[in-house]
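Summary of structural features
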Amino acid sequence: MYHNRSNKSMKDIKIAIIGLGYVGLPLARLFATKYPVIGFDINQGRIDELRKGHDSTLEVEDAILQNVLQESPKMETGLYCSNQLEDIADCNYYIVTVPTPVDSTNRPILTPLYKASETVGQVLKKGDTVVYESTVYPGVTEDECIPVLEKISSLVFNEDFFAGYSPERINPGDKEHTVEKILKVTSGSTPEVGKKVDALYASVITAGTHLAPTIKVAEAAKVIENSQRDINIAFVNELAKIFNLMGIDTHQVLEAAGTKWNFLPFKPGLVGGHCIGVDPYYLAQKAQEFGYHPEIILAGRRMNDTMGKYVSSEVVKLMVQKDIKIKGSNILVLGITFKENCPDVRNTKAVDVINNLASYGSHVTVYDPWASPKEVAHEYNLKVTNELPQQKFDAIVLTVAHKEFLTLKLQSLLAGTGVIYDVKGILTEGVDGRL
């Protein structure tokens, strides 16, 4: 629903976007078409590249970014990128879009949110509103972030300043479902603030908005979106394991079942990324704090978290069947990003396939034209090449459906009777195995 506000109040808005990653930059670019926007990020390298008009995440095209960039924080509309606190001091809406990962034991890491809240708290003024977009479990905004804002600013929540929550729904790499074309859930810390936050987003989101009654409802709505998808993929992953044992093609089964109008078209695969592979743990963590052990949510996570090991073991079995010596073999893995046609390597499960294959004593080469070798080396201590290796391999494993892989002549890359394994089910011929 859209709530009208006076022209004066809308005109006086100045927005700070805290965090200029896959979520923050597209949002900042969109708001910059109507409002003065300061894009704030602590990464100096990120600020430098954006000021030059380039986005390495490829979420915002350079021409579109350059169209809204401004060289000064004093502007009527447009985007100015900065890592200087004084540049966001005169903003009145602060939108936090920092990542919310999990640690090695799958417990939520709220440190980026705490740090971002401390940053905002230093410049928070009476009348300001802080909106969080980061995916969290219900209660994080009011129970974890607001106390930080109050402590740092010495202001009183819902008297001196206000808050909102509007969960991000960015789909990295998707050029069709861009931020303005995805309906936005909004909420506020009071009914009136909810209307103001909703009106702000409704002024730029062409798909419309849905004003949730409370912040906790909006937080819960976001975390179950990806939990539902995670569980559905876990179900078809389990089907793939069953049908592979039975010698039945899972994709043919899903195609046949999909002829019914209400069958959900999920496919088996590796479930990674910054959302689906993480969000269910946020909900599970909160449920356990209330004394409830979630069965289905965690069962789905366990299934999906083991798929990398399953894929690698299936590849090795096929190699053994063809009398290919595993130790010392050369294996080519196609793709390391968490999804196709996107440079995002956060929480990618292709890494599990690579590490498990290497544990058998194989020499694994990773080819991905989209991934940054520097970022992969930093995040996973793995080497990746952006150029197709000119050598022969004992096995080829396609883990990501990049468009560049569809035209590769994979048979010509095989040594003798090598193995081709298709995780994504996109190859049409010469495949020895697939999920």
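Keep in mind that this is a model prediction, so the values were computed, not measured.

1. Considerations on helix α5 (residues 111-121)
Every buried residue belonging to α5 is among Leu113, Ala116, Ser117, Thr119, Val120 and Gly121, and all of these are buried. Against the buried residues of α5 lie β1 (15-18), β2 (36-40), β4 (93-96), β5 (129-132) and α6 (140-153).

2. Regarding the pattern of salt bridges
Here the structure, examined in full by the defined rule, presents 17 salt bridges. With a shortest N-O distance of 2.4 Å, Glu49 and Arg46 are connected by a salt bridge. Here Arg46 and Glu49 lie together in helix α3 (residues 44-51), a separation of three residues that amounts to about one turn. Overall, Arg46 belongs to the buried group, its relative accessible area being 9%. For Arg434, the salt bridge identified is with Asp249, shortest N-O distance 2.7 Å. Here Arg434, found in strand β13 (residues 433-434), pairs with Asp249, found in the loop between α8 (215-246) and α9 (250-257); they are 185 residues apart in sequence, far enough to count as distant.

3. As for the UniProt feature "domain: UDP-glucose/GDP-mannose dehydrogenase C-terminal" (unreviewed entry) in the protein
The UniProt record marks residues 332-429 with the feature "domain: UDP-glucose/GDP-mannose dehydrogenase C-terminal" (unreviewed entry), using the residue numbering of this structure. In the segment residues 332-429, helix accounts for 18% and strand for 23%; the C-alpha atoms at its two ends are 18 Å apart.

4. Structural notes on the packing of aromatic side chains
We describe a pair of aromatic rings using the distance from one ring centre to the other and the angle between the two ring planes. As enumerated under the stated definition, the model contains five aromatic pairs in all. Their ring planes at 55° and their centres at 5.6 Å tell us that Tyr367 and Phe405 sit as a pair that is tilted. In this pair, Tyr367 is assigned in strand β10 (residues 363-367) and Phe405 in the loop between β11 (393-398) and β12 (414-422), connecting sequence segments 38 residues apart. Each member of the pair Tyr367 and Phe405 is classed as buried. Among the aromatic residues, those joined into a ring-pair cluster are Phe31, Tyr35 and Tyr201. The ring of Trp261 has Lys260 lying over it, and the distance from NZ or CZ to the ring centre is 5.3 Å.

5. So, the sheet that holds strand β6 (residues 162-165)
Within a sheet, adjacent strands bond to each other through the backbone by hydrogen bonds, running parallel or antiparallel. Pairing is parallel across the open sheet formed by six strands, whose spatial order is β3-β2-β1-β4-β5-β6. Pairing within the sheet leaves two strands with one partner each, and these edge strands are β3 (78-82) and β6. The mean inter-strand angle of the sheet, taken between neighbouring strand axes irrespective of direction, is 20°. Bridging between β4 and β5 involves four bridges; their strand directions are parallel. Its bridge partner lying in β5, Ile95 is registered against Val131. Each of β2 and β3 is contacted by α3, which is oriented at about 145° to β3, the strand it contacts most.

6. Here's the deal with the pairing of β5
Burial along β5 is two-sided: the face carrying Thr129 and Val131 and the face carrying Val130 and Tyr132 are both buried. Pairing of β5 with β6 involves four bridges; the strand directions are parallel. Note that in β6 the partner of Tyr132 across the bridge is Tyr165. Crossover handedness for the path β5 to α6 to β6: right-handed.

Calculation notes
Residues numbered from 1 in each chain as written. Predicted model: local features only at pLDDT ≥ 70, side-chain atom pairs only at ≥ 80, totals over all residues. Heavy atoms only, no water. Buried < 20%, exposed > 50% of the residue type's maximum accessible area, 1.4 Å probe, protein only. Helix = DSSP H or I, 4+ residues; strand = E, 2+ residues; numbered from the N terminus. Contact = heavy atoms within 4.5 Å. Salt bridge = Lys/Arg side-chain N within 4 Å of Asp/Glu carboxyl O. UniProt positions renumbered as here; feature names shortened; annotations may be inferred. Phe/Tyr/Trp six-rings, centres within 6.5 Å; stacked < 30°, edge-to-face > 60°. Lys NZ or Arg CZ within 6 Å of the ring centre and 35° of its normal. Pairing = 2+ DSSP bridges. Axes fitted to C-alpha atoms, helices over the stretch in contact; angles between N-to-C directions. Right-handed = clockwise from strand over helix to strand, strands pointing away.

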